[in-house]
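The primary structure of each chain is shown beneath.
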Amino acid sequence: DFRFAGGCASQRLLSLPSTFHLAGAFITLARWDALLALIQGAVGQYGRQPRLVSLEGLALDRLGRTPEAREALEALVHAGTANGNGLRAYVDIMARCGLLEEAIVGAEQLLGRAQTSPQRMEALALMFRLVQALDPTDDRLLGLATRFGELTDQGDELEEGQYVFFFESALRFSRQAS
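Below: a short report on this structure. Values in this document were obtained by computation on a predicted structure and should not be read as measured data.

**Things to note about the packing of aromatic side chains**
All chains considered together, the criterion is met by four aromatic pairs. When the centroid spacing of 5.9 Å and the interplanar angle of 40 degrees are considered together, the rings of Tyr163 and Phe167 count as tilted. Note that Tyr163 and Phe167 are positioned in helix H10 (residues 157-173) at a spacing of four residues, about one turn of the helix. Exposure remark for Phe167: the relative accessible area of 25% places this residue in the partly exposed category. Summarising the aromatic geometry, the rings of Phe165 and Phe166 are spaced 6.1 Å apart at their centres and angled 55 degrees between planes, so their arrangement reads as tilted.

Here it is in structure tokens:
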């Protein structure tokens with residue numbers, strides 16, 4: 001029974017690193033109810049740390065409690081304390097709710113925190129899609145496509161294809177090309 005995990009956390013039987021390890025297992029198993037119980041117990045013990053709140057937001061969203069998840073994650077994003085997982089969950093919720101401007105803010109934070117080329121490419125691709133969905137004639141699209149292209153491995157056909165798609169798409173609707 002997964003309620004045991006929440007009980008352990010609320011009884012202060014798990015260290016914070018152990019809580020995160022168990023949380024990872026619950027995510028892998030898609031046991032969102034158990035994850036939420038675990039994290040709520042840990043919040044009682046360790047306070048509303050950003051990583052715990054990010055996991056809480058993820059669990060709430062997966063349990064269909066999106067407004068609560070949005071509220072929790074939004075506080076982290078606006079405070080600038082959301083981790084990568086929290087930012088991705090926030091961007092996903094905002095995009096699903098049609099709040100693309102807010103999703104773009106989260107994607108910009110993801111890009112700012114990206115440390116590797118694949119992370120930057122993922123963030124740029126996400127931003128491109130969000131900006132394009134908001135306004136396919138937005139002048140930022142060319143810049144995003146160009147930045148994506150600068151990171152592209154020319155020997156990787158998938159990356160090259162994605163870059164060409166972004167660039168052509170940005171050019172097709174660009175106000176500058178008109």
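Having seen the model, we can carry on.
**Observations concerning the packing of helix H8 (residues 117-134) against helix H9 (residues 140-151)**
Helix-helix packing is described using two parameters, namely the angle between the two axes and the distance between the axes. For the pair H8 and H9, interaxial distance at closest approach is 9 Å and the crossing angle is 160 degrees. The angle between the axes of H8 and H9 places the two elements in the roughly antiparallel class. Two packed elements cross with a definite hand, and for H8 against H9 that hand is left-handed. Along its contact with H8, which presents Ser117, Arg120, Met121, Leu124, Ala125, Met127, Phe128, Val131 and Gln132, the element H9 presents Arg140, Leu141, Leu144, Ala145, Arg147, Phe148 and Leu151. Its residues assigned to classes, the contact of H8 with H9 comprises 11 nonpolar, two polar and three charged.

**Overview of the pattern of salt bridges**
Within this structure, the stated rule accounts for seven salt bridges. Residue Arg65 is joined to Glu68 by a salt bridge in which the shortest nitrogen-to-oxygen separation is 2.9 Å. Overall, the relative accessible area of 32% leaves Arg65 in the partly exposed class. Asp138 is the partner of Arg140 in a salt bridge, and the nearest nitrogen-oxygen pair spans 3.0 Å. In this structure Arg140 comes out as partly exposed when scored by relative accessible area, which is 36%. Note on Asp138: relative accessible area 16%, which makes it buried. Via salt bridges that share partners, Asp61, Asp92 and Arg96 belong to a single interconnected network.

**Re the side chain of Asp61**
With respect to the helices and strands, Asp61 occurs in helix H4 (residues 50-62). Among all residues touching Asp61, those that are not within four sequence positions of it are Thr66, Ala69, Asp92, Ile93 and Arg96.

**Here's the deal with the nonpolar core**
Core analysis: the biggest nonpolar cluster contains 52 residues, and Leu35, Ile39, Leu52, Phe128 and Leu130 have the highest contact counts within it. Once you skip the residues sitting within four places of it in the chain, Leu130 turns out to touch Val91, Ala95, Leu100, Ala103, Ile104 and Ala107.

**A few points about the environment of Ala103**
If you trace the backbone, Ala103 turns up in helix H7 (residues 100-113). For Ala103, a relative accessible area of 0% puts it in the buried group. As for Ala103 and Asp139, which are separated by 36 residues in sequence, their C-alpha atoms are 18 Å apart. The residues contacting Ala103, other than those within four sequence positions of it, are Val91, Met94, Ala95 and Leu130.

**Brief notes about H10**
Taking 1.5 Å per residue, 17 residues should reach 24 Å; H10 reaches 24 Å between its end C-alpha atoms and fits that length. Packed against the buried residues of H10 are H8 and H9. You can read the cap of H10 off the contacts: a side-chain oxygen lies 2.9 Å from the backbone nitrogen of Leu158, and it is on Asp156.

The rules we used
Residues numbered from 1 in each chain as written. Predicted model: local features only at pLDDT ≥ 70, side-chain atom pairs only at ≥ 80, totals over all residues. Heavy atoms only, no water. Phe/Tyr/Trp six-rings, centres within 6.5 Å; stacked < 30°, edge-to-face > 60°. Helix = DSSP H or I, 4+ residues; strand = E, 2+ residues; numbered from the N terminus. Buried < 20%, exposed > 50% of the residue type's maximum accessible area, 1.4 Å probe, protein only. Axes fitted to C-alpha atoms, helices over the stretch in contact; angles between N-to-C directions. Parallel < 35°, antiparallel > 145°, perpendicular 65-115°, else oblique. Left-handed = near helix turned anticlockwise from the far one by under 90°. Contact = heavy atoms within 4.5 Å. Nonpolar A, V, L, I, M, F, W, Y, C, P; charged D, E, K, R; others polar. Salt bridge = Lys/Arg side-chain N within 4 Å of Asp/Glu carboxyl O. Core = buried A, V, L, I, M, F, W, Y, C linked by side-chain atoms within 4.5 Å. Expected span 1.5 Å × (residues − 1). Polar contact = N/O pair within 3.5 Å; in protein donor to acceptor, adjacent residues only side chain to side chain.

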